[in-house]
Amino acid sequence: MQDNAPKEALPFGKPNKPIDLVGFIKRYGMFVLVIGSFLFALSVPLVLLISKPNYEVHAVLRVDPIIPQVITNSEDLSIINYYQDYANTQARRILDFDILETTVNKLTPDQKASIFAPNLPSATCAEIAGILVKVNPVPGTHLIDIGIAGPKKKGLAPLLNNLMQVYLDKMRRGNEMQDNERLVYLKNEQQVLSNDIASIEEKLKLLTQDISTADFSEANNMASKKADELQQVAVNAFADRVSSENQFHEAERNSRQLKALSLDPMVEEMVMGDQSLDFTSSWTYQQQQQLRSTTDGLTPNNPDRIYVEQRMKAMRDYEKKLQNEVRTSAKTIIYGKRDYEQKKELIQTNNKAEKAKSTEEELVKELDKTRKESVRISLGLHLGEALKSTLKHKRDLLDQIDTRIHELELEGKAPLHIAIESLAREPDKPAGSNTKKLMMVFFGLSFGSVVVLFVAFDFLDNRIRRKEDIKSALGYPPAKEIPKSGEEKSFHQILSLQPGDAAAKEIRSLAVKFVHENQLNHSKIILFSGVERQTGATSLAWNSAQALSSLVPKVLLIEAAANTPPLSELNGLANEPDGLREALAGGKSPGEITVNGAEGSPAILYHGKATGIAPQQHLPEILAGLREEYDLICIDSPPVLESNLTENLALHADIVTLVALGESTMYRDLRSAAEAFVRLEVPAIMPILNWGGPAKSSSIDKLLEKPPEFLDKIDTGKLEALLLNLPSGRRLFELLSGVLASLKKVSKQKRPEASGKKQPPNQ
């Protein structure tokens, strides 16, 4: 049982029915054997009439594993290690199309006409010859057998002899062409190598002039040595530049720091050491002493005293002025001298640093130039070394090619591994006939045509034949298989009359499954619907309701399908009582018209007497009321593909039991019915495979169930008279008679009346 939720197309199963090989063999194997044998037996006289004598001609080629050497030992002329492969290869090459076409063209018109149909083009004749000629290595020997068979002996031997000659001529030409191609190739290579050697020698000449050496080793790279020396000098120059720049920077720092120092003490020292100032101070002091002596005894306001004091003051002022002039002059000299010395030192250190920098730059430029020259010479040395190596290699190759050309010119006429051992001769008598081959062809056609016919029918046959077909269609196997009842009793009463029947056991097992679903998922309403009419859904619904009555107290069976005969008639009622259709019309309630059964039997709501289209607007409330009143409800409904009432009932059902009739229900109809229920979103679909009921038969099944009339109309007397005129006619007549009897016997076994049993009704 499978829960379903999708609304669109069927989400499971396969759209097409799978092929059942085992079932095909069981159903049609005997018919294929008998009909094929019959057709083959009918074709035997035709084979005997069209068979012709067969002439065979053979020729032999010899394959020598070892052939003698000519002069040189450059090639291994032995094929011992791969002799079998070589022989098989040659056997295949003999039948190449161009060889066959050349062979056909060498035949005379009479020889060609005796083997091939007249006016055929050479290409067609060559294709036919490739079919007629058989080439096979003879095991345990060094021989290859070439054979041909035909209805006429003329032309067969010339065909084989021409074939061998054409093949050997092609092999000789192939060997010669192979040597010629080698020689052309080697001579071209010789010329190319000579040109390459001349070109390399010219390059070496130019390279030697460029790098001034013919010995291409790094020891001769003078630029590299010069670069090493310049590198050392440049390092020293770099050290001098760094030292000079540091001295310059030191002088700059000293200058800045010395400028911050005051030179006044040195100025005062120079002032104190000035002789003119010292003399002036001494003279001024003497004069002041003399003038001060003249003022002794004079009052402060005395004009003479005032005059003297003014002269003394003027002398002191002059002395101070002179001292200031000397100080200014000394300051200018001392500070100027210091600035001169500092600038001199800065100029000297800067010039030294610039000189070191200029020297370093010139050395670096020269070093870079020398390095580039060194690299150029190194590349030239490497190129020269490579050219010398290439030159040596090409000279060695040229020597080898010269030797090989000489050898190939000597080996141009080497013998072949294959030679003609024996020519074909025209046969004296036939070697047999083509009867066996024709027998095999007609045997294949007889049985093959029958197999193809039955395979095509089985492929197009869309009926459900096994439970695996339901699993393929729905994605899961059927919940139950109801076998065909083995008794002649009415299937409607099988539970009561034949409780031990296999079908009755399966129905009771199905009822237990329904009860389990009711306990597990509270499923009460079970809708029984056949994929098509006459699938046994009504009988299955009735018997399931009866089986459920023995498991739960209250069970109701609703007959929603218009059955023929109706359930009321099967249950012995004289007239059809009111039922579901009257309840849907609103005239009566279900409780009034439900027929209660005896103890252990279900209550039944029959179909009813009303005709026409029944209204369905009251259906939900009717089913809702019945759901509350009964433990389980079984509804017998028409096929969902034919009735919208079934679709409406499915909307209220808890389980839909979809019944398919074995050997009758179509695979595509089963999927269509399941898809209809899936789109209605029914909670669960339970497929049932019923093997009872009237199965539909296809036209070919009807043909196989009844022997064709022409089998009875065959006049065995005339057939015997016809076959006795042929070779082995008596044995052939006995074979045909046995096949006809077997075909009639097998066909009779398929008819129902031959079995002596009748189909139980209503299954």
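Every value quoted in this text rests on a predicted model; they were computed, and no experiment measured them. (Residues numbered from 1 in each chain as written. Predicted model: local features only at pLDDT ≥ 70, side-chain atom pairs only at ≥ 80, totals over all residues. Heavy atoms only, no water.)

When helices and strands are counted, the protein chain shows 26 helices and 13 strands. Out of the 763 residues belonging to the protein chain, those deemed buried represent 40%. For the protein chain, the share of sequence-separated contacts (at least 6 apart) that also reach a separation of at least 24 residues comes to 82%. Here the protein chain has roughly 43,200 Å² of accessible surface; of this, 55% comes from carbon and sulfur atoms. (Helix = DSSP H or I, 4+ residues; strand = E, 2+ residues; numbered from the N terminus. Buried < 20%, exposed > 50% of the residue type's maximum accessible area, 1.4 Å probe, protein only. Contact = heavy atoms within 4.5 Å. Areas by Shrake-Rupley, 256 points an atom, 1.4 Å probe, with all protein chains shown as cover.)

Moving on, we come to the packing of helix α12 (residues 467–474) against helix α21 (residues 667–679). Across the interface, α12 lies against α21 with an axial gap of 10 Å and an inter-helix angle of 45°. Taken as axis vectors, α12 and α21 run oblique relative to one another. Between α12 and α21 lies a crossing of right-handed hand. Seen from α12, the contacting residues are D469, I470, S472, A473 and L474; seen from α21, they are Y667, L670, R671 and A674. Its residues placed into classes, the contact of α12 with α21 shows six nonpolar, one polar and two charged. (Axes fitted to C-alpha atoms, helices over the stretch in contact; angles between N-to-C directions. Parallel < 35°, antiparallel > 145°, perpendicular 65-115°, else oblique. Left-handed = near helix turned anticlockwise from the far one by under 90°. Nonpolar A, V, L, I, M, F, W, Y, C, P; charged D, E, K, R; others polar.)

On the surface, I19, F459 and L460 cluster together into a nonpolar patch covering about 400 Å² of accessible area. As for its position among the elements, F459 is in helix α11 (residues 435–460). (Patch = residues over 30% accessible without salt bridge, like charges linked within 9 Å, V, L, I, M, F, W, Y side chains within 5 Å. Salt bridge = Lys/Arg side-chain N within 4 Å of Asp/Glu carboxyl O.)

Remark: helix α3 (residues 97–106) packs on helix α5 (residues 122–132), axes separated minimally by 8 Å, with the N-to-C direction vectors making an angle of 110°. One element, α3, and the other, α5, form an angle in the roughly perpendicular class. Viewed along their axes, α3 and α5 form a crossing whose handedness is right-handed. In this structure, α3 uses F97, L100, E101, V104 and N105 to contact α5, whose residues at the interface are S122, A123, C125, A126, E127, A129 and G130.

Residue-level pLDDT values for the protein chain average 78, and 80% of them are 70 or greater. Here helix α26 (residues 752–755) stands out as the element of the protein chain with the lowest mean pLDDT, 39, in contrast to strand β8 (residues 525–530), whose mean of 93 is the highest. Counting interchain partners and residues more than four positions distant, the pLDDT-below-50 stretch residues 1–8 has 26 contacts. Note that pLDDT drops below 50 for residues 750–763; the model gives that stretch 33 contacts with residues more than four away or on any other chain. (pLDDT = per-residue confidence, 0-100.)

As a further point, take the pattern of salt bridges. Pairs can form between side chains of opposite charge once their charged atoms are near each other. For the structure on display, the rule yields 14 salt bridges. In this structure, R533 engages E642 in a salt bridge whose closest nitrogen and oxygen atoms are separated by 2.9 Å. Residue R533 is found in the loop between β8 and α15 (537–549), and its partner E642 is found in the loop between β11 (632–637) and α20 (644–650); the two are separated by 109 residues along the sequence. Residue class for R533 comes out exposed when judged on its relative accessible area of 53%. For E642, a relative accessible area of 46% puts it in the partly exposed group. Between D654 and R627 there is a salt bridge, with the nearest N and O atoms lying 3.0 Å from each other. Taken together, the residues span a long stretch of sequence, with D654 in the loop between α20 and β12 (655–661) and R627 in helix α19 (residues 619–629) at a distance of 27 residues. Judged by its relative accessible area of 16%, D654 is buried. Connected via shared salt-bridge partners are R92, D96, D98 and K170.

With that settled, consider the packing of aromatic side chains. Inspection of the entire model under this criterion finds two aromatic pairs. Ring centres of F443 and F447 lie 4.6 Å apart, and the angle between their planes is 45°; this geometry places the pair in the tilted category. On the criterion of helical spacing, the pair formed by F443 and F447 is a turn pair, its members being four residues apart in helix α11. A residue is classified by how much of its surface remains accessible, and F447, at 15% relative accessible area, is buried. Between F514 and F528, the ring centres sit 5.9 Å apart and the planes meet at 85°, which makes this aromatic pair edge-to-face. Taken as a pair, F514 in helix α14 (residues 502–521) and F528 in strand β8 lie far apart in primary sequence, 14 residues in all. Given the relative accessible area of 1%, F514 is considered buried. The lysine or arginine in question, K554, covers the ring of Y630, its NZ or CZ lying 5.2 Å from the ring centre. (Phe/Tyr/Trp six-rings, centres within 6.5 Å; stacked < 30°, edge-to-face > 60°. Lys NZ or Arg CZ within 6 Å of the ring centre and 35° of its normal.)

Turning our attention to the nonpolar core. Formed by 44 residues in total, the largest nonpolar core has its most connected members in I558, I635 and F677. A total of seven residues in this core trace back to one element, the largest contributor, which is α21. Counting residues in each nonpolar core, the second largest holds 38 residues, with Y83, V104, A157 and L159 among its members. (Core = buried A, V, L, I, M, F, W, Y, C linked by side-chain atoms within 4.5 Å.)

Our next topic: unusual backbone geometry. Note: most residues except glycine have negative phi, and most peptide bonds are trans. Even without glycine at this site, E663 takes up a positive phi of about 65°. Checked against the element boundaries, E663 lands in the loop between β12 and α21. Located in the positive-phi region is E681, a residue other than glycine, with phi close to 60°. Among the structural elements, E681 can be located in the loop between α21 and β13 (684–690).

Turning our eyes to something else, we now look at the environment of D631. Here D631 is to be found in the loop between α19 and β11. Spatially, the C-alpha atom of D631 lies 8.2 Å from that of L556, the residues being 75 residues apart in sequence. When sequence neighbours within four positions are dropped, the list of residues in contact with D631 reads N518, K524, V552, P553 and K554.

Regarding α3, the residues found buried are I99, L100, T103 and V104. Buried residues along α3 cover an arc of 135° about the axis, so they all sit on one side. (Arc of directions from axis to C-beta.)

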